[in-house]
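Here is what each chain is made of, one letter per residue.
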Amino acid sequence: MTTVSVRPFGSTGDGKAVTQYTLKNENGMCVQLLSYACAVQRMVIPDKNGVPRDVVLGYDTLEGYENGSSFFSAFVGRYANRIKNAAFPLGGKMVRLRPNAGAHHLHGAFARRVFDGEMADGGVVFRYVSPPEEEGYPGTLTGEVRYTLTADNALVIAYTATADADTVVNLTNHAYFNLNGQDGSDVLNHLLQIDADSYTDMDGSLIPTGKINSVDGTALDFRSEKPIGADIAQLTQSGGYDHNLILNGSTGALHRFATAKSGSTGIILTAYTTEPAIQLYTGNFIQNDTAAHGKNGVRYPRYGGFCLEAQHYPCSPNYPQFPSTVLKKGETYRQTTVYQLSVAE
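About the thresholds
Residues numbered from 1 in each chain as written. Predicted model: local features only at pLDDT ≥ 70, side-chain atom pairs only at ≥ 80, totals over all residues. Heavy atoms only, no water. Helix = DSSP H or I, 4+ residues; strand = E, 2+ residues; numbered from the N terminus. Buried < 20%, exposed > 50% of the residue type's maximum accessible area, 1.4 Å probe, protein only. Contact = heavy atoms within 4.5 Å. Lys, Arg positive; Asp, Glu negative; His and termini not counted. Charge placed at Lys NZ, Arg CZ, Asp CG, Glu CD. Pairing = 2+ DSSP bridges. Core = buried A, V, L, I, M, F, W, Y, C linked by side-chain atoms within 4.5 Å. Phe/Tyr/Trp six-rings, centres within 6.5 Å; stacked < 30°, edge-to-face > 60°. Disulfide = S-S within 2.5 Å.

Participant: Hey, could you go over the overall build of the chain for me, with residue numbers and the actual values?
Facilitator: Helix and strand content of the chain: one helix and 27 strands. Dimensions of the chain along its principal axes, counting C-alpha atoms only, are 60 × 50 × 40 Å. Taking all 345 residues of the chain together, the buried fraction comes to 57%. A sequence separation of at least 24 residues applies to 66% of the contacts in the chain between residues at least 6 apart. Across the chain, the 27 positively charged side chains and the 33 negatively charged ones have centroids separated by 4 Å.

Next up, the structure:
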């Protein structure tokens, strides 16, 4: 049985109250969630020696989440990842978004919003109404994300959204995992396997070119388990992994897509999703985060965490050959991603 408790977590700079929710199951796993950005603040499990390890990067204070620049464990949207030149066609018109990554648009505003939260069976539900033209997106978007901690140590993240006008939607969670815990280590020795045969080609600005490439013979081939750092030096353009991998499973059906392991703690992460792709990111620049430090006073190093952001392809609205991210008026967007923890014998 999972228990859920709640406590205040301070107020934002503009006076909005933030709440922390704590989920605990009978195995000793604990997940803490914030109504600010729906952030997964902590995800704790006993390691192979029984020592509790918090395996997600983040901050101890609300000030850290407000001042930080790394999207630690945030719910991001309306559109996760990059949209070229902050514009895309929709319904015969050009939609222009707020540029927030040079000339481009990245992730959107949800990581800076306070959500309405309430305890639910085994978890928490967060809700937010994004007004029309927020950052330039058409229509009012009513979104919900439900976090549930199961008896078998799985954090289930279920998203739904509806809109009163045609728009685009691509939601994800930006959790950075380090299965060693909060010791300031990097993740280059973590073993990672991803079920993906191909990836979206990208230009020097990390924007898709519209081409689909095979992972064969590239640093992006994780079909067989290997250390995250084994081939990372090849990725000079992006400074590490920041790539959209196209998953082999059936879109819309929940399927396992990745497994990661820490040899030092024995902790294993198994990930599932209904989405067609993931963004693999290795914290290539988190050493430059604009918050003073992460949890426990740690200044996270480059490659201090890895993200498996389940989502649609970057910049899909500009490439008709990519799976569509258009949400029609009256339709419902649905997505489920699961991060399950276990410990090696």
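Let's pick the thread back up.
Participant: Please give an account of the sheet that holds strand 22 (residues 255–261) that cites residues and values.
Facilitator: The sheet built from nine strands is open, its strands ordered 11-12-13-14-27-23-22-17-20 with antiparallel pairing. Strand pairing shows two members of the sheet lacking a second neighbour, strand 11 (116–120) and strand 20 (226–227), which therefore form its edges. As paired strands, strand 17 (residues 191–194) and strand 20 are joined by two bridges and run antiparallel to one another. The partner of leucine 192 across the bridge, within strand 20, is lysine 226.

Participant: Residues and numbers for the pairing of strand 13 (residues 141–149), please.
Facilitator: Where burial is concerned, the two faces of strand 13 differ: the one with Leu141, Gly143, Val145, Tyr147 and Leu149 is buried and the one with Thr142, Glu144, Arg146 and Thr148 is not. As defined by bridge partners, strand 12 (residues 123–130) adjoins strand 13 across eight bridges and the pair is classed as antiparallel. Residue serine 130 lies in a different strand from strand 13, and its bridge partner there is leucine 141. Sheet topology note: the strand 13/strand 14 (residues 154–163) ladder contains nine bridges and is antiparallel. Paired with threonine 142 across the two strands is threonine 162, which belongs to strand 14. The turn joining strand 13 and strand 14, which pair antiparallel and follow one another in sequence, is formed by four residues; a positive phi near 65° is taken by asparagine 153.

Participant: Outline the environment of glutamine 287, supporting the account with residue identities and numerical values.
Facilitator: Looking at the element boundaries, glutamine 287 is found in the loop between strand 24 (277–281) and strand 25 (307–311). For glutamine 287, a relative accessible area of 27% puts it in the partly exposed group. Distance from glutamine 287 to serine 264, taken between C-alpha atoms, is 23 Å for residues 23 residues apart in sequence. When near neighbours in sequence (up to four residues on either side) are disregarded, glutamine 287 contacts Arg299, Tyr300, Pro301 and Arg302.

Participant: Describe the nonpolar core, naming the residues involved and giving the relevant values.
Facilitator: Residues Met43, Tyr147, Ile194 and Leu308 are the most contacted members of the largest nonpolar core, which totals 62 residues. Per element, the largest residue contribution to this core is five residues, and it comes from strand 14. Residues contacting methionine 43, with those up to four places away along its chain left out, are Met29, Cys30, Val31, Arg53, Asp54, Val55, Val56, Leu155, Phe177, Tyr339 and Leu341. Ala39, Phe72, Ala80 and Ala111 belong to the second-largest nonpolar core, a separate cluster that totals 22 residues.

Participant: Give a description of the side chain of threonine 274 that names residues and reports values.
Facilitator: Note that threonine 274 resides in the loop between strand 23 (267–273) and strand 24. Excluding its chain neighbours within four sequence positions, the residues that come into contact with threonine 274 are Thr251, Gly252, Ala253, Leu254, Gln335 and Thr336.

Participant: Would you mind going over the packing of aromatic side chains in detail, with residue names and values included?
Facilitator: Per the stated rule, a full pass over the model turns up 18 aromatic pairs. Here phenylalanine 75 and tyrosine 159 contribute two aromatic rings whose centre-to-centre distance is 5.5 Å and whose plane-to-plane angle is 40°, an arrangement assigned as tilted. Of this pair, phenylalanine 75 sits in strand 6 (residues 75–76) while tyrosine 159 sits in strand 14, and the two are 84 residues apart along the sequence. Since its relative accessible area comes to 2%, phenylalanine 75 is described here as buried. On the accessibility criterion, tyrosine 159 (2% relative accessible area) is buried.

Participant: Give a description of the state of the cysteines that names residues and reports values.
Facilitator: In total, this model carries zero disulfides according to the counting rule given. Between cysteine 38, a cysteine without a disulfide, and cysteine 307, which holds the nearest cysteine sulfur, the sulfur-to-sulfur distance is 17 Å.

Participant: Explain the environment of leucine 245 to me, using residue names and the numbers behind them.
Facilitator: Structurally, the position occupied by leucine 245 is in strand 21 (residues 242–247). Residue leucine 245 is classed as buried on the basis of its relative accessible area, which comes to 1%. Considering only alpha carbons, one finds leucine 245 and phenylalanine 285, 40 residues apart in sequence, at a separation of 20 Å. Every residue in contact with leucine 245, bar those within four places of it in the chain, is listed here: Ile194, Ala196, Ser198, Tyr199, Val215, Leu220, Pro276, Ala277, Ile278 and Leu280.

Participant: Residues and numbers for the pairing of strand 21, please.
Facilitator: With six of six residues buried, strand 21 is to be regarded as a mostly interior element. Here strand 21 shows no split at all, with Asp242, Asn244 and Ile246 on one side and His243, Leu245 and Leu247 on the other all buried. Judged from the five bridges that link them, strand 21 and strand 24 form a sheet pairing that is antiparallel. When the sheet's bridge partners are listed, histidine 243 is paired in strand 24 with leucine 280.

Honestly, it's all geometry; don't read function into it.
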